[in-house]
Amino acid sequence: MEKKRRVIYKEYLTDALCGIATLIGKPLVVIIGIIFIGYNCDSVKKATTYMAGVVIAYTLMNAIDCFCSMMMKRTFPDAQKAFKQRNQQKQVEGLLQNIVVAIMISGIILLLKEPIWILFKGIFRLEKSILEQVAQYYHIAIWSVPFIALNYVGIGWFAGNNEKKSGLWMCMGDYIAIVFVYIFVNQYKMGVSGMALAILLGQMIVTVGGIFLVLRMKLNIRKHVLSHSITWWPQNLYKDFMLYTDYWVKGLCTIAISIMVLVTTYIQGIDLLIASAFMLQVKEVMASCFEGISYAVSQIAIRSKEENDMELSREIHRITLDTAMFLSIGWVIGYTLLGHKVKGSQEILNGIKNVFYYYDGWLIIYPIVAGTGLTMQGLYNGSKKKKNIKNIYLISIVICFVVYANTKAHLGIHGMWLAITVFYFIRTVGLLAYQGSLYKTE
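Caption draft 1: Summary view of the packing of aromatic side chains. Scanning the model with the defined rule gives 12 aromatic pairs in all. For the pair F180 and F184, a centre-to-centre distance of 5.5 Å together with 20 degrees between the ring planes defines the contact as stacked. Here the residue F180 and the residue F184 both occupy positions in helix α8 (residues 173-187), the gap between them amounting to 4 residues, near one helical turn. Overall, F184 belongs to the buried group, its relative accessible area being 13%. Its guanidinium or amino end placed over the ring of F83, R86 lies 4.7 Å from that ring's centre, counting from NZ or CZ.

Caption draft 2: Layout of the environment of Y434. Its place among the elements puts Y434 in the segment after α18 (413-433). Separated by 72 residues in sequence, Y434 and W362 have C-alpha atoms that sit 27 Å apart. Beyond its immediate chain neighbours, meaning those up to four positions away, Y434 contacts Y380, N388 and I392.

Caption draft 3: View of empty space enclosed by the protein. All told, the structure shown has 3 cavities of 30 Å³ or more when counted by the stated rule. Reported here for the largest cavity is a volume of approximately 180 Å³. Taken together, 15 residues make up the lining of the largest cavity; nearest its centre are K26, Y58, M61, I148 and I199. Looking at the lining of the largest cavity, the elements with two or more residues in it are α1 (2-39), α2 (44-85), α5 (128-141), α6 (145-160) and α9 (191-216). Grouping the amino acids of the lining of the largest cavity by side-chain chemistry returns 9 nonpolar, 3 polar and 3 charged. Approximately 50 Å³ is the volume found for the second largest cavity. What lines the second largest cavity is simply K283, W362, L363, Y366, V369, W417, I420, T421 and Y424.

Caption draft 4: Highlighting the packing of helix α12 (residues 245-268) against helix α17 (residues 386-411). Close contact between α12 and α17 brings their axes to 8 Å; oriented N to C, the two are set at 15 degrees. In this view, α12 runs roughly parallel relative to α17, as classed from their interaxial angle. Seen from above, α12 lies across α17 with left-handed handedness. Contacts from T245, D246, V249, K250, C253, A256, I257, M260 and T264 in α12 reach K386, I389, K390, Y393, L394, I397, C400, F401 and Y404 in α17.

Caption draft 5: Quick look at the nonpolar core. By size, the foremost hydrophobic cluster in this structure holds 131 residues, and its most contacted members are M51, Y137 and W417. Of all the elements, helix α13 (residues 270-306) adds the most residues to this core, at 19 residues. Ignoring sequence-local partners within four residues, the contact set of W417 consists of S276, M279, L280, Y359 and W362.

Here is what the cut-offs are and how they apply
Residues numbered from 1 in each chain as written. Predicted model: local features only at pLDDT ≥ 70, side-chain atom pairs only at ≥ 80, totals over all residues. Heavy atoms only, no water. Phe/Tyr/Trp six-rings, centres within 6.5 Å; stacked < 30°, edge-to-face > 60°. Helix = DSSP H or I, 4+ residues; strand = E, 2+ residues; numbered from the N terminus. Buried < 20%, exposed > 50% of the residue type's maximum accessible area, 1.4 Å probe, protein only. Lys NZ or Arg CZ within 6 Å of the ring centre and 35° of its normal. Contact = heavy atoms within 4.5 Å. 1 Å grid on protein atoms, 1.4 Å probe; cavity = no way out; pocket = protein on both sides within 12 Å on 5 of 7 lines; lining within 4 Å. Points joined across faces, edges and corners; volume = space filled by probe spheres on them. Nonpolar A, V, L, I, M, F, W, Y, C, P; charged D, E, K, R; others polar. Axes fitted to C-alpha atoms, helices over the stretch in contact; angles between N-to-C directions. Parallel < 35°, antiparallel > 145°, perpendicular 65-115°, else oblique. Left-handed = near helix turned anticlockwise from the far one by under 90°. Core = buried A, V, L, I, M, F, W, Y, C linked by side-chain atoms within 4.5 Å.

Structural data, given as structure tokens:
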């Protein structure tokens, strides 16, 4: 039993590190890209215009990414089931079906790219100079959508087949993009278009690599396809997607908060907009650490439920709470000591940096109010208590906007960050309040 526990916790640590590596790349590429763009502009006006364009365009693309990321959730369970059954035909069928669905979803998004752009322009009345930069980024980055969707399929499918190294490769798009951002933006001064092109190339390279990794597994894909034993279109597709309403609600809440921040800060000045976007990305870096652990927790929770191991369930519950507490304390101490040590060598960024430091006290509070909730999601997902997550998110976002509406006139931007903090606090309190349901059978 002790040996089995050691194996489980070794897998837990591996899954946590893989989960963190998977998630943290996205905010890092935005932070690094914006800094490079700011450093390589020759005037404050140009720097703020370019940086604002990237920040706003990224929010739009992140909303689209939310729809694509569902492919990872959809692919994983069937892939894991086929792998455990050693059913090669089902492994191939699950992969090909989800590739077809990914191509369909991304194809629809590409067909609607102009209507999406027209709607976006109608809602956000941006200055012409900033709108040009947003358009430049959007019309290049939008072509990465098919590759992003396919890469999410790869992440879910490789994870389900216990191919962790291959799954990790499918998450490397953002890290490859960072290299290209350095080349295109920092070396060749390509600005906003350089950053968008970097993201596109990063996703393309990962997709091509993923194809080679699948072929290397020797699943006899050609044999299964030619034998006509493969069903190319999944049954009950709509029902499958509705199984993940908690994920949809979570994504929509995240998008709603991002839009609230951009709209509120854009009205009050570009420096404030960029500084607030930086704060959101730093927050996402912190969140990535908690959510990476959450993924690892969910895998052990699934195992404990399948094996009906109540002792393991309670043990991972305790470890989850302890890990969240220590990681929260670590982020608070780390950011308090090091957060203001970053020195800019460009006077152009000083205004933005000063605004950032004026409001960044909220980042110290964030891990305290959000860390436990983010980590505990893994327990709920693994125990199949997703309805609780959905309900808590809905309650939290409603209270968030109520607080925002009643504080923005008196507290300004601090009122906005207070509302966001309340959102995470209510979510954490709700998940803690419902934790007794983790041990109830349905």
